[in-house]
Amino acid sequence: TQLLEQSPQFLSIQEGENLTVYCNSSSVFSSLQWYRQEPGEGPVLLVTVVTGGEVKKLKRLTFQFGDARKDSSLHITAAQPGDTGLYLCAGNRAGSYQLTFGKGTKLSVIP
Amino acid sequence: DVKVTQSSRYLVKRTGEKVFLECVQDMDHENMFWYRQDPGLGLRLIYFSYDVKMKEKGDIPEGYSVSREKKERFSLILESASTNQTSMYLCASSPGTGLRDEQFFGPGTRLTVL
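This one's a predicted model, so the numbers in the text were calculated from it and none came from an experiment.

Trainee: Could you clarify how one ought to interpret the sheet that holds strand E6 (residues 55–58) of chain A in this entry?
Mentor: Through backbone hydrogen bonds, the strands of a sheet pair up, either in parallel or in antiparallel fashion. Residues and elements named next belong to chain A. Strands sit in the order E1-E3-E8-E7-E6 across an open sheet of five strands; the sheet is antiparallel. At either margin of the open sheet sits one strand with a lone partner, and together these are strand E1 (5–7) and E6. Within the sheet, the average angular offset between the axes of one strand and its neighbour, ignoring direction, is 15°. Strand direction decides the pairing type here: E6 and strand E7 (residues 61–65), joined by four bridges, are antiparallel. Bridge pairing in E7 places Lys57 opposite Thr62.

Structural data, given as structure tokens:
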């Protein structure tokens, strides 16, 4: 059972455009993390959101955790080629050390 | 900064060989994890450990075993490698604090079994 659905799976945009990536579930998570992974490398943690409704900003990246802690979004403003990569969301379920991962959104930003 | 290192970036083995993948973390983290990542399937948990000498099966433990003799080191063992174990293997560690237990990943080992 895929507990975290990410959309879109693939996204190809021009430099300077804005985009939003979604991470949805029917399950409640105690926290949710976003990672970026470049080809041939391990995922790198970008942010963790914990509180329902929480918004965090990391330069041009804005992360939001849904009020019910079941979903999250990542918005990138004025995308740059350096943003290219696989974006993964992952959720912590209460009482578990394990993370549930989405399958990822592969972003290509064309110069 | 948390540092998770893996013993090899690339590895080529033959069917039937015993394969050891090693992972070391330097942040005194309680938990360590082994995943494999395949196109279209995402990250799948093989095994994890929440303490020295403790291990628990993940979603796909068949064909794998693990060893955690020291807190900082977690080894993945393929007893008899098969071609369907060709994959990217990722090790991760986390503090074990519960509510926001962020995982930090190593660079990965790309294993090819011929």
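Trainee: Explain the interface of chain A and chain B here, please?
Mentor: How big an interface is tends to be reported as the loss of accessible area on association of its parts. With 21 residues of chain A in contact, the opposing surface of chain B contributes 24 residues. Regarding the contact of chain A and chain B, the summed buried area is about 1800 Å², with carbon and sulfur atoms giving 57% of it. Broken down residue by residue, the surface that chain A buries against chain B is led by Tyr97, Gln98 and Phe101 of chain A, which jointly contribute 31%. Between chain A and chain B we count seven residue pairs in polar contact (both at pLDDT 80 or more) in total. Of all elements in the fold, only strand E4 (31–37), strand E5 (44–49), strand E9 (85–92) and strand E10 (99–101) of chain A reach the threshold of two or more residues within the side of chain A that touches chain B. Here the side of chain A that touches chain B takes four residues from E4 of chain A, the largest share from any one element. Across the side of chain A that touches chain B, the residue classes break down as nine nonpolar, nine polar and three charged.

Calculation notes
Residues numbered from 1 in each chain as written. Chains lettered and ligands numbered in written order. Predicted model: local features only at pLDDT ≥ 70, side-chain atom pairs only at ≥ 80, totals over all residues. Heavy atoms only, no water. Pairing = 2+ DSSP bridges. Helix = DSSP H or I, 4+ residues; strand = E, 2+ residues; numbered from the N terminus. Axes fitted to C-alpha atoms, helices over the stretch in contact; angles between N-to-C directions. Contact = heavy atoms within 4.5 Å. Buried area = accessible area lost by both parts, 1.4 Å probe. Polar contact = N/O pair within 3.5 Å; in protein donor to acceptor, adjacent residues only side chain to side chain. Nonpolar A, V, L, I, M, F, W, Y, C, P; charged D, E, K, R; others polar.

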